[in-house]
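What the coordinates show
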Amino acid sequence: MAKLRIRLCSIRNNNTSGKDFRDEAPKKYYEFDATKAKQLLAEGLKEDGLAKLPPITFKYNTSDKHKK
């Protein structure tokens, strides 16, 4: 399934090599840095006067028409 998705994306984006666009990009869109992410989160919480993240509620559609 993943190979099919990559191939369809390649066709849609006129990418003839068949590789994922992220593999062919001149530089990475972002670098994973857990330490930096934690630092930025702590700074943002402090800036907003919070000690921890507030609870998160996920809302989503469960109707039959949405499942199709």
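Residue positions are given per chain, counting from 1 as you read along its sequence in written order. Only residues with pLDDT of at least 70 get local features here, since the model is predicted, and only at 80 or more are side-chain atom pairs given and counted; chain-wide, interface and lining totals rely on the full set of residues. Just so you know, side-chain values use all the structure's heavy atoms and leave hydrogens and water out.

Helix and strand labels come from DSSP, where a helix needs a run of H or I of at least four residues and a strand needs a run of E of at least two; each type is numbered from the N terminus. When its secondary structure is counted, the protein shows four helices and zero strands. Ordered by position from the N terminus, the helices and strands of the protein form the series α-α-α-α. Sorting the 68 residues of the protein into buried and exposed places 6% on the buried side. Methods summary: accessible areas were calculated by the Shrake-Rupley approach with a probe of 1.4 Å, and residue burial reflects only the protein chains presented. Accessible area for the protein stands at about 7400 Å²; split by element, carbon and sulfur atoms hold 57% of it. Whether a residue is buried, partly exposed or exposed follows from its accessible area with a 1.4 Å probe, protein chains only, as a fraction of its type maximum: under 20%, in between, or over 50%, in that order.

What follows is about helix α3 (residues 34-47). Each helix should span, by expectation, one fewer than its residue count multiplied by 1.5 Å. Helix length check: α3 (14 residues) gives 20 Å between terminal C-alpha atoms against 20 Å at 1.5 Å per residue, within 8%. Between the side-chain oxygen of the N-cap and the backbone nitrogen of T35 there are 3.3 Å, and the N-cap of α3 in question is D33. With its phi angle positive at about 75°, G49 sits one or two positions after the end of α3. Whenever a nitrogen or oxygen atom comes within 3.5 Å of another N or O atom, the pair is scored as a polar contact, on the condition that within protein one atom can donate a hydrogen and the other can accept it, and that pairs from neighbouring residues in sequence are kept only if both atoms are in side chains.

Take the confidence of the model for the protein next. Should pLDDT be low for a region, the predicted coordinates there are not to be read in detail. Residue-level confidence of the predictor is what pLDDT reports, using numbers from 0 through 100. On average, residues of the protein carry a pLDDT of 77, and 72% of them reach 70 or more. For the protein, the element scoring lowest by mean pLDDT is helix α1 (residues 2-12), at 50; α3 scores highest, at 94.

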